[in-house]
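Reading the structure
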Amino acid sequence: MIQTVSFQLSNFPTFQPSNFQTFQPSTFNLTPIFAIFVTHLTKFMKVSLNWLKDYIDVELPADELITGLISIGFDLEGVENQADKLKNFVIGKVLERVKHPNADKLSVCKVDAGQDHILNIVCGAPNVDAGQTVCVALIGAIIPNGEFEIKKSKIRGEFSEGMICSAKEMNMGEDHSGIMVLEDRLPIGAPFAKYLGQNDVVIEIGVTPNRGDLLSHFGVAREIGFLVDKKLKIPAVNEPKGDSPVKDFISVKIDNPDGCYRYCGRMVKNITIKESPEWMQKRLIAVGMRPINNVVDVTNYVMLECGQPLHAFDYDVIEGKQIIVRNSGDTKKFTTLDSKERELNENILLICDAKKPVALAGIMGGENSEIKQDTKNVFIESAFFDPIQTRKSSKYLGLQTDSSYRFERGVDINITEWAANRAAELMAELCDGEIVEGLIDEYPNKLTKPVVSLEIEYLNKISGVEFTSETVSQLLEKIGITALNKSDKAVEFEVPFYRIHDLLRDVDLIEEAVRLYGYENIPLNEFDRIFLDTKVYANEKYDFANSLRAFLGGRGFKEICTNPLVNEKYVQMFTEDYITLQNPSSVDMTVVRPNLYIGALEVVKNNFNFKNNSLKLFEIGDVVKYGTKKDSYIHGIDETKSLLLITAGDYDELAVNEKGRSFEIFDIRGEVQALLEKLNIDNYKLNYYNYNNFFDYGVEYTIGKQILARVFKFSKKCLDAFDIEKPVFGCDLPVNELFNTGKKQTAFKEISKYPPVLRDLSITVDNSVKAADIEKEINTGADKLLKSIRLYDIYKAGEGDQNRTSYTFSLEFSSNEKTLTDEEINQLQDKIIKNLNKKLNAELRSK
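Computed from a predicted model, the values in this text were never measured in an experiment. (Residues numbered from 1 in each chain as written. Predicted model: local features only at pLDDT ≥ 70, side-chain atom pairs only at ≥ 80, totals over all residues. Heavy atoms only, no water.)

1. Considering the sheet that holds strand β24 (residues 451-455)
Quick note on the threshold: Two strands qualify as a pair provided that DSSP identifies no fewer than 2 bridges between them. Secondary structure elements follow DSSP: runs of H or I no shorter than four residues count as helices, runs of E no shorter than two count as strands, and numbering proceeds from the N terminus. To get an axis, a line is fitted to the C-alpha atoms, and for a helix only the part in contact is used. The angle between two axes follows their N-to-C directions and goes from 0 to 180 degrees. Any two residues whose heavy atoms approach within 4.5 Å at even a single point are treated as in contact.
Strand order in the open sheet formed by 3 strands is β24-β26-β25, and the pairing between neighbours is antiparallel. What marks the edges here is a single partner per strand, and that holds for β24 and β25 (482-486). Shown here is a sheet whose adjacent strand axes are inclined to one another by a mean of 30°, direction ignored. Taken strand by strand, helix α11 (residues 456-463) contacts β24 and β26 (490-494), and its axis lies near 70° from that of β24. Sitting on the sheet, helix α13 (residues 506-517) touches β24 and β26, and the angle it makes with β24 is about 70°.

2. Brief notes about the pattern of salt bridges
Test applied: In what follows, salt bridge is the name for a side-chain nitrogen of Lys or Arg lying within 4 Å of a carboxyl oxygen of Asp or Glu. Burial here depends on accessible area, computed with a 1.4 Å probe over protein chains only, as a share of the maximum for the residue type. Under 20% is buried, over 50% is exposed, and the range in between is partly exposed.
Using the criterion set out here, one finds 44 salt bridges in the structure. One salt bridge in this structure joins arginine 549 and glutamate 559, with 2.8 Å as the shortest N-O distance. With a gap of 10 residues between them, arginine 549 in helix α15 (residues 540-554) and glutamate 559 in strand β27 (residues 558-559) connect regions that are remote in the sequence. A residue is classified by how much of its surface remains accessible, and glutamate 559, at 37% relative accessible area, is partly exposed.

3. Remarks on the environment of threonine 336
Using the following cut-off: Polar contact is the term for a pair of N or O atoms within 3.5 Å; when the atoms are in protein, one must be able to donate a hydrogen and the other to accept it, and sequence-neighboring residues count only if both atoms are side-chain atoms.
Inspection of the secondary structure assignment puts threonine 336 in the loop between β16 (333-335) and β17 (341-343). Its relative accessible area of 0% is what places threonine 336 among the buried residues. Here the alpha-carbon distance between threonine 336 and glycine 365, two residues 29 residues apart in the chain, equals 5.8 Å. If near-sequence neighbours (up to four positions away) are discounted, threonine 336 is found in contact with Arg342, Leu360, Met364, Gly365, Gly366 and Glu367. A polar atom in the side chain of threonine 336 sits 2.5 Å from the side chain of aspartate 338.

4. Quick look at the packing of aromatic side chains
Formally: Aromatic contacts are taken between Phe, Tyr and Trp rings whose centres are within 6.5 Å, Trp giving its six-membered ring; a plane angle under 30 degrees counts as stacked, one over 60 as edge-to-face, and the others as tilted. Think of it as a cone above the ring: NZ of Lys or CZ of Arg counts as a charge over the ring if it is within 6 Å of the ring centre and within 35 degrees of the ring normal.
The full count for this structure, using the stated rule, is 22 aromatic pairs. Plain terms: the ring middles of phenylalanine 249 and tyrosine 315 are 6.4 Å apart, the flat faces sit at 65° to each other, and that makes the pair edge-to-face. Here phenylalanine 249, found in the loop between α5 (217-228) and β12 (251-254), pairs with tyrosine 315, found in the loop between β14 (310-314) and β15 (322-327); they are 66 residues apart in sequence, far enough to count as distant. Tyrosine 315 sits in the buried class, given a relative accessible area of 8%. Counting every residue linked through ring pairs, the aromatic cluster contains Phe574, Tyr597, Phe695, Phe712 and Phe714. Its end group placed over the ring of tyrosine 315, lysine 321 keeps NZ or CZ at 4.4 Å from the ring centre. For arginine 661, the ring lying beneath its charged end belongs to tyrosine 651, and the centroid distance is 3.8 Å.

Everything listed is a geometric property; what it means functionally is a separate question.
Have a look at this one:
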C-alpha cells in the first residue's frame, strides 16, 4: 500500500478575496522527523540614500541613520560609499598609441594619469587613440563588472600598469566594443568618482520573506519616517488627456482571477528608444541594476522605487490587440527574453494575446514581444499576481527574477495603478512619447484591508512593557497601521495593503510594537528567572539512548547519522507501505524512511569504496510508518525510535600468519546478546526464519508477542542494488521496547561451585518447526538442572529427506549441591529426546 502525505511549503497563506479580512492561519505541529524547517532565506535590497531623500525628509548623517535602522530591527548587510568603491579609478590622457609588437589586436599606450610617472598600458580596444581623455584603472583597482583586481602584468612581452575602461566594465552600460572617451576638459589625475558625481551612500539591507514591503525605496523610506517623525512623500502623477481612450487600442481579460487579482495597463505611443538620462542611469547603477534603454530602465526604476514589478510590451506585436491572463493549459513551451525555451506545466500563469503567449506572468517576458530598437508603441503592465502560484511556477521553471521574487512575497495591490501611471509619465518624458488617455484596470474581486484586534493586557504580558492603547496606536500609525476603534482594553487596527502578507494576528502586531518601541528600551527584571527541578525535567529516554551509544562505542561500533528522507526505489525493496512527499527537493529524498537500512547501506557502500573494509556501525533514529497508535502526533502515522546495528566486510585486520575471515551471523548475534545482558534482559526466546528476497535468514529475540531484536543477513539481491560485494549483517531493535523491558536494577545469584556438564544434542525436525519450539520442549522435558541452551548449528538434512532441518544445541547441566554423574545426565538427555519425539516428531541425527 503506497499512500501520499502532502506537505505544502509556501511563504504566504492561501486566501480568498471574499473573506480575506477574516483569515485565520492554522497551526500544524509535527514531530522532529516531520518538522519542515522553513528557513528565512534573506534577499538583499540595495537602497540609495540620495534616492531615499526624494520620499522622506532626512538630514541625519549616514552613520546615525544606520544606527537608527539597526535599532528598529533592520539587518544591514553592508554600507557602501560610492567614492570608496571607485578608489584607484582616475581621469587619464592617452599620450601615445602604438601597435603591440607581438599581437595584431593589441595596442601599447602611454597614459598620463596624474601619477609620478607616465603609465605603460596594454589595451585591446579598437577605438583607443592618442589625445583621448579616458577612465584609467590603476594598480589595485577592483573592476565593478567582474570584481577582479588590476595588477601589474606582462602581456605578450609588454608590461601593463593599469587598464583603460569601457562602459560595460564600469557597469555603466552594455557597450563593450571600445573604451569610454570622456570630455577633454576634465583634469588629469582627478578621481573618476568626482567626475560621475558619485557622492551617494548605498545601504544593503537583508530582507526576510515576510517583509516584501522593504524591497523598495518607498518601504525603507517609510521606516526611516518613523525614525525622523516624518511622513512618506509619494510623487504625484498627472492624468493625461488625449484624442482616443486606451480601450480603443487594447483590452484585457482575466480568465484566472485566482492567479491574477488585478491587472492595470497604460499605453505610450510614438516613443524613441535611446539611452536613459544620466541621473536615472546613476541611480540604477548605484543599487546594482545595469541600464539597458530608456523603456526598460523606467520599468526597473519604478519597481525599485515602489516595489511594483512592471513589464513593457511592444504593442505592435500584440495580435488581436487583446491581453488574456490564463493558465498555460495545453501550451507546453515558451521562449523567454533570455532566448531560452521553457517547458511548461498546465498551471503556469501566462500573459497572452489573441493567438499566443507573450509573457510568463510575474516572472519574465517573452522574446516575441520584447522592446527592440525600432519599437514605437509600448503597452505597460502593472499587475498583482498570486504569491503562491508565482512561487510554484518559478520553482518549476527554475527561474527566479527580481519580478518573481517580489510577487512571491506579495506586493501592494493598491499601488498597481500608481505604478502604471508613474511609468507612463516617465516614458513620455524620457522617450519623447505620448500617453494614451485612460487606464485599464481589471480588478474582479476587490480585496479589503484586514482588521486585527490587539488586547492591551496580552500585549503587555508578552512584551514586558506597560503599553496603553494610546502609546501603541501612536507607534503603529507611524508606519501606516491605522487604529480604528480604541478602548482601554483593546485596539482594532486596519492593516495596510503593503503589510497584509505578514500582519495577520495580534502577535504580529505585538512584534511590530516592540520593534518600534526598541528592544534596548525593554526593562530588565532581576526577578525574571526560571528554576528547573532536574528530577522533574530529566529525560530518562534521552539518557537511555545515550547509554546505548556509550555501550556500543565501547564495543567498537561507530555511530552514523543518515538522512530521514530516502529514495523510493530502495524503500520498495523492503516494504510497500510507506509515506511519500508530494514536493520532494530531490529524487533521492522522496520518501520518509520506514527503516534505517537504506541510509546504513549507503554508508557501507561509501566506506567500501574508500577501502574501509571492516565495519561495525550503529544508528539511533526515527522511522515512520502508517499505524493506529492513539498517542501519535499525526493521526494514522506512527513515528518510533529504532536502533540499527551493522557488521560488514572483514571481521578484523589480518594478524601475521593468520587467515582472515568475514563477519558471520554469529558475530552480530553475540553483540546483540551482550547488549541485552547489559540491559538485564534474559528471559527472551529465539525464533529462526528464512526471510525473503532481501534477507537470507534471520533470528528474532522475543518476549511474548514483543520483538526485542531482529537479526538478519542482507541477501545478495539486496546488496547488488547498492553495489556491495561483501557480506552485510544487521540487527533492528525498537528503542522504546528496550527501555520498557530492561530491568532497572541488577539482581545477583550465586555461582555453583560444582563443575557444569556440557552435552551436544543434534536432531532433525520438519521444516515447519521453529527453533523456539524446540527450545521450549527441551525445557519442558528437562528439570532445574538444565541451566542453558545454545543453538550453534542449522542445516538442511541430507539427500534422503529435503523436508527436514537439522539443529544442533549445546546443553549445559549444573547442580548447586553436587557433581553430576554421566548416568544422571544420560537419563535427563533421554527424557528430553523422548519429549521432543513425542511433541515435535524429532529424531536424533544419525550422522
